[in-house]
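# Results of the structural survey
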Amino acid sequence: LGKSVNMAEPVSDGVVAPLPGRCAFYVLKKKRYCKMVVGSGKIFCGEHATADTDNERKRIPCPLDPKHTVFEDSLSKHLKKCNSKEKPKPIFYVKDINAGLVNEEEDAVDEVSIADRTKEELDILIGKMKTALQGYNIKPDNGILSHPALYEALNDPKNGNIASKHLKQQASILGNMEALELLGPGRCYIEFGAGKGKLSHWIHVALQNTEDVHFLLVERSSTRFKVDGKHKNTESTFDRLQVDIQHLDLRKVPFLREKRLPVIAVGKHLCGAATDLALRCLFEQGLKHQDSQPPTKRIKLSEGAEKETMPTVPAEDKESEELAVSGVAIALCCHHRCDWRHYVGKEFFRERGLGPREFAAFQRMSSWATCGMSRVSHSQKISPQENVSTPEEEEEAEHEGSHETIPENLNSAVSAEEREHIGRLCKMLIDHGRLRYIQQRGFKSCLRHYTSKDVSLENVLLTAVPMQNPAT
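This report concerns the structure included in the present document. Predicted model, so just to flag it, every value in this text is computed and none were measured. (Residues numbered from 1 in each chain as written. Predicted model: local features only at pLDDT ≥ 70, side-chain atom pairs only at ≥ 80, totals over all residues. Heavy atoms only, no water.)

A few words now on a positive patch on the surface. A contiguous patch of positive charge on the surface is contributed by Arg22, Lys29, Lys30, Lys35, Lys67 and Arg224. One can find Lys30 in the loop between β2 (25–27) and β3 (32–33). (Patch = residues over 30% accessible without salt bridge, like charges linked within 9 Å, V, L, I, M, F, W, Y side chains within 5 Å. Areas by Shrake-Rupley, 256 points an atom, 1.4 Å probe, with all protein chains shown as cover. Salt bridge = Lys/Arg side-chain N within 4 Å of Asp/Glu carboxyl O. Lys, Arg positive; Asp, Glu negative; His and termini not counted. Charge placed at Lys NZ, Arg CZ, Asp CG, Glu CD. Helix = DSSP H or I, 4+ residues; strand = E, 2+ residues; numbered from the N terminus.)

Another aspect to go through is the pairing of strand β10 (residues 262–271). Each regular strand displays side chains that alternate between the two surfaces of the sheet. A large share of β10 lies buried, amounting to 10 of its 10 residues. Examined bridge by bridge, strand β7 (residues 187–192) and β10 share 4 bridges and lie parallel to one another. Note on β10: the bridge partner recorded for Cys188 is Val263. Pairing between β10 and strand β11 (residues 324–333): 8 bridges, direction parallel. (Buried < 20%, exposed > 50% of the residue type's maximum accessible area, 1.4 Å probe, protein only. Pairing = 2+ DSSP bridges.)

A word on helix α14 (residues 416–439). For α14, built from 24 residues, the straight-helix expectation of 34 Å at 1.5 Å per residue is met to within 8% by its first-to-last C-alpha distance of 34 Å. When you tally the buried positions in α14, you get 19 out of 24 residues, the bulk of the element. (Expected span 1.5 Å × (residues − 1).)

What follows concerns the nonpolar core. In terms of nonpolar packing, the biggest core is built from 63 residues, with Phe192, Leu248, Leu250, Leu256 and Met365 touching the most fellow members. In terms of residues, this core owes the most to one element, α14, which gives 9 residues. Among all residues touching Phe192, those that are not within four sequence positions of it are Val218, Ile245, Leu248, Leu250, Ala265, Val266, Gly267, Leu270, Ala278, Cys281 and Leu282. Counting residues in each nonpolar core, the second largest holds 28 residues, with Ile173, Met177, Leu207 and Val266 among its members. (Core = buried A, V, L, I, M, F, W, Y, C linked by side-chain atoms within 4.5 Å. Contact = heavy atoms within 4.5 Å.)

Volume-wise, the second largest pocket comes out at about 300 Å³. In this structure, the second largest pocket is lined by 17 residues; those nearest its centre are Ile138, Pro140, Arg424, Met428 and His449. Looking at the lining of the second largest pocket, its residues break down into 7 nonpolar, 4 polar and 6 charged. (1 Å grid on protein atoms, 1.4 Å probe; cavity = no way out; pocket = protein on both sides within 12 Å on 5 of 7 lines; lining within 4 Å. Points joined across faces, edges and corners; volume = space filled by probe spheres on them. Nonpolar A, V, L, I, M, F, W, Y, C, P; charged D, E, K, R; others polar.)

On to the pattern of salt bridges, then. Under the criterion given, the structure shown has 16 salt bridges. Where Glu47 meets Arg59, a salt bridge forms, and the shortest distance between an N and an O atom there is 4.0 Å. Residue Glu47 is found in the loop between β3 and β4 (59–61), and its partner Arg59 is found in strand β4; the two are separated by 12 residues along the sequence. According to the relative accessible area criterion, Arg59 is buried, its value standing at 13%. The salt bridge partner of Lys453 is Glu420, with a shortest N-O separation of 2.9 Å. Separated by 33 residues along the polypeptide, Lys453 in the loop between β12 (443–449) and β13 (460–466) and Glu420 in helix α14 bring together distant segments of the chain. By relative accessible area, Lys453 is classed as partly exposed at 42%. Judged by relative accessible area, which is 13%, Glu420 ranks as buried.

With respect to the helices and strands, His231 occurs in the loop between β8 (213–218) and β9 (238–241). Looking at His231, the relative accessible area reads 6%, which means it is buried. The residues touching His231, leaving out its near neighbours within four places in the chain, are His201, His204, Ser236 and Phe238.

Have a look at this one:
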């Protein structure tokens, strides 16, 4: 979506008017003009050439990815080099290996939006949710910590507000990992949903004088401004796996098969279902036809500890014995993006008389924890120069909840504070299902508030270590 504008604007700052030599197409989503360089004598870049009514060459959506366009007369040439062209699948790609069981009856459940439910229906759902949580700790432990590796960065006066918030979160994650003895030599850290790889970067800084420390960064998208390049000349390995977690078989990753190091799973704001996919990836090791699996192999981190092995597996699946999970530290978020098929806590829900219908409702209501404090006015108009977002701010906003509409009857009957409380209870119920899943695999798992709400509304860290680890 966008619009073309008159070039004769008073200020060429990219917001009120295009930057010199840059595209004159206004991008509504980013609330600024396109920053692509234009050709000599052109007003628009190639991507936005359709806005130029004087251009004789026609642009059409790319058949491989309609998010970008291409000149119609150059289509055949473009298709040969398009970045969206399907690439050969890597050896560790196994379709839907971590997706969970397909249940056609459950998957066919019609989801009902919160706005379409009556006050009575919502009251029943909230009652079920509170009953299911009876006897469980609904308040995460306090785990707001820091780590010396980030002290200098945290005190840099050049930090903006967003950068400071990210650093505080990363420092606390490292602080919690250190408290659980998850920072040390002879390990491979797997960062799920790695993005630019900054969490791995800070773990490496914390362990820069430590031997045999390696990193695997899992990210399905091609990412700009990666920090991996800062570590090319170090003894640590930084490998990127560009694959959706849903299709990742860690047993087949060449580096892991070669090194056979214990793995520590980490993640900062691993959205919704991605957390469940990551847990399946770690603990189910490809046994995708079962929804409740035997404990995975695990290894104690202290010296002289004995190892526990998996139950006997078929000879053709022996590589599954190579994966030793030694810990987890994942900052959770976006429970409204969870999915029943992928969810690891189905057994926990069923034991409480809950199923996919209730899960779908709680998943939607969980967004009240981060955006239910006030109704969004769709009629409110904000001019571009009043609300310009940086990439970091856009990334932060992605993790601050959905725009699930609050019914008018509930909006007037329940306070914003109560809605926020209900949203957090929904998140807690979903997370307790994850805790149960991890505990059944021989790990002690815990939820901690790793930062304050003024730093991030999504402030819960899921940690897990083998039960026999003395640090717990």
